[in-house]
Amino acid sequence: MKFIMAIIKPFKLDDVREALTGLGVEGMTVTEVKGYGRQKGQTEIYRGAEYEIHFLPKVKVEVAVSDEQAERTVEAISAAAGTGKIGDGKVFVVDLEKAMRIRTGETDDQAL
């Protein structure tokens, strides 16, 4: 099993959700986060004053999938979240040692 975390632009969330639903990914966790990468934030002008935004709003999407679904899931997230511009985000894939559905006690792939 794999645990996939993607940091994406907020306006791409619906596209990513639709892409993952199309693959059969049945659940996800979404968190509003702030951060920066290589762009180190951006400069904004508000009421004539220029100021820097160091942490940009992003969305973190987390899904747990079987090993067989992992590569297709990463590809779907990348295609749906990509704009070709700086700040599109990142996808991280880590091994998931164990999963359990609390209600039924199912474990591992059956719990996903």
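Note that the structure is predicted; figures quoted are calculated from it, not measured.

Concerning helix 2 (residues 67-81)
With 15 residues, helix 2 extends 22 Å between its outermost C-alpha atoms, agreeing within 8% with the 21 Å of an ideal straight helix rising 1.5 Å per residue. Among the residues of helix 2, those classed as buried are Q69, A70, T73, V74, A76, I77, A80 and A81. Considering only its buried residues, helix 2 is in contact with strand 1 (2-8), helix 1 (13-23), strand 5 (56-65) and strand 6 (89-95).

Observations concerning the sheet that holds strand 6
Within a sheet, adjacent strands bond to each other through the backbone by hydrogen bonds, running parallel or antiparallel. Strand order in the open sheet formed by 4 strands is 2-5-1-6, with antiparallel pairing between adjacent strands. Each edge of the sheet is formed by a strand with only one pairing partner; in this case those strands are strand 2 (29-35) and strand 6. Pairwise comparison of adjacent strand axes, ignoring direction, gives a mean angle of 20° for this sheet. When strand 1 meets strand 6, the two strands line up antiparallel, connected through 7 bridges. When the bridges of strand 6 are listed, K2 appears paired with D95. Contacting strand 1, strand 2 and strand 5, helix 1 crosses the sheet at an angle of about 10° to strand 5. Most of the contacts of helix 2 go to strand 1, to which it runs at about 5°, and overall it touches strand 1, strand 5 and strand 6.

Some thoughts on the environment of S78
The topology assignment puts S78 in helix 2. Remark: the alpha-carbon pair of S78 and K90, spanning 12 residues in sequence, is separated by 8.4 Å.

Details of the pattern of salt bridges
Within the structure shown, the criterion is met by 5 salt bridges. The partner of D88 in a salt bridge is K9, and the shortest N-O contact between them spans 3.7 Å. Here D88 is found in the loop between helix 2 and strand 6, whereas its partner K9 is found in the loop between strand 1 and helix 1, with 79 residues between them in sequence. Of the two residues examined, D88 and K9, each falls in the buried class. K12 is paired through a salt bridge with D15; the nearest N and O atoms lie 3.2 Å apart. Judged by relative accessible area, D15 falls into the partly exposed class, the value being 34%.

Considering unusual backbone geometry
A positive phi angle, near 55°, is found at D108, a position not held by glycine. Of note, D108 is situated in the segment after strand 6. Here D108 falls in the partly exposed class, since its relative accessible area comes to 29%.

Some words on the UniProt feature "modified residue: O-UMP-tyrosine" (unreviewed entry) in the chain
Under the feature "modified residue: O-UMP-tyrosine" (unreviewed entry), the UniProt entry names Y51. Looking at where Y51 falls in the secondary structure, it is placed in strand 4 (residues 49-53). By relative accessible area, which is 39% here, Y51 ends up partly exposed.

How each quantity is defined
Starting afresh in each chain, residues are numbered from 1 along the sequence in its written order. This being a predicted model, a pLDDT of at least 70 is required before a residue's local features are given, and a value of 80 or more before pairs of side-chain atoms are given or counted; all residues contribute to the totals for chains, interfaces and linings. The side-chain numbers reported here are obtained from all heavy atoms of the structure, hydrogens and water having been left aside. Going along the chain from the N terminus, every DSSP run of H or I of four or more residues is numbered as a helix, and every run of E of two or more is numbered as a strand. Multiplying 1.5 Å by the helix residue count minus one yields the expected span of that helix. With a 1.4 Å probe rolled over the protein chains alone, any residue whose accessible area is under 20% of its type maximum counts as buried; one over 50% counts as exposed, and the rest are partly exposed. Any two residues having at least one pair of non-hydrogen atoms within 4.5 Å are treated as being in contact. Strands pair, by our definition, only if DSSP identifies at least two bridges between them. Orientation is described by lines fitted to C-alpha atoms, with helices fitted over the stretch in contact, and by angles between N-to-C directions that extend from 0 to 180 degrees. Here a salt bridge means any side-chain nitrogen of Lys or Arg lying within 4 Å of a carboxyl oxygen belonging to Asp or Glu. UniProt positions are given in the numbering used here, feature names are shortened, and annotations may be inferred rather than shown by experiment.

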